[in-house]
Amino acid sequence: MINDRFEIVEATTRMAWFADRRDWDALLTVFADEVDLDYTSLTGGEPARLKATDIVAGWRAGLGGLDATQHLVSNHLVDVDGDRAVATAQFQAVHVLANPHGEPTWTLGGHYRFGLVRAEGGWLIDAVTMTTTWAAGNQHIMTPAAQRAG
């Protein structure tokens, strides 16, 4: 059980680390082939089941044009049931882009709920629900960042 918990926390940490490092190929390694993704607390709409490659391509387009990001994921609670697990964790995500139209940062906070499945090489994330509970700064930096990444 302790080893499972370690590997599950490691998988969620790697998701944030690889996104911040812009290591898109490595980011693919933390996900199952398909992932239930729910960012509706931030973007509205409906949750979706997406291919991992599509998620990474979307994050690359959204985050790749920023000067920097830092996603901190902490205070993990892990429940393992055989080859399935659920991990919840708090997050703080800082997005940075120098721009002539306001503050260069946009910061979000809230919590994640990860679904994971045991695979041959370890635990893979097959569900991510991000619940944003607060935000501060300039959300508008995401538009020029996307234009830069495109």
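Before reading further, recall that the structure is shown in the block above.
A.B. asks: Just to check I follow, could you spell out the pairing of strand β1 (residues 31-38) for this structure?
C.D. replies: Looking down a regular strand, the side chains alternate between one sheet face and the other. In terms of strand pairing, β1 meets strand β6 (residues 122-137) through four bridges, oriented parallel. Residue pairing in the sheet places Asp 36 in a bridge with Ala 127 of β6. The sheet contact formed by β1 and strand β2 (residues 48-51) spans four bridges and is antiparallel. For Val 35, the partnering residue across the bridge sits in β2 and is Leu 50.

A.B. asks: Which parts of the structure should I look at to understand the pattern of salt bridges?
C.D. replies: Side chains that differ in sign of charge can pair as their charged atoms come close. Enumeration over the complete set of coordinates arrives at seven salt bridges. For Arg 118, the salt bridge identified is with Asp 4, shortest N-O distance 2.9 Å. With Arg 118 in strand β5 (residues 105-119) and Asp 4 in helix α1 (residues 2-21), the pair connects residues that are 114 residues apart, well separated along the chain. Judged by relative accessible area, which is 33%, Arg 118 ranks as partly exposed. Accessibility expressed as a relative area gives 14% for Asp 4, which makes it buried. Residue Arg 148 pairs with Asp 67 through a salt bridge whose shortest N-O separation is 3.0 Å. On the criterion of sequence distance, the pair formed by Arg 148 in helix α5 (residues 142-149) and Asp 67 in the loop between α4 (52-63) and β3 (68-81) is long-range, its members being 81 residues apart. A cluster of three or more residues bridged by salt bridges with shared partners is formed by Asp 4, Asp 83 and Arg 118.

Cut-offs used in this document
- Residues numbered from 1 in each chain as written.
- Predicted model: local features only at pLDDT ≥ 70, side-chain atom pairs only at ≥ 80, totals over all residues.
- Heavy atoms only, no water.
- Pairing = 2+ DSSP bridges.
- Helix = DSSP H or I, 4+ residues; strand = E, 2+ residues; numbered from the N terminus.
- Salt bridge = Lys/Arg side-chain N within 4 Å of Asp/Glu carboxyl O.
- Buried < 20%, exposed > 50% of the residue type's maximum accessible area, 1.4 Å probe, protein only.

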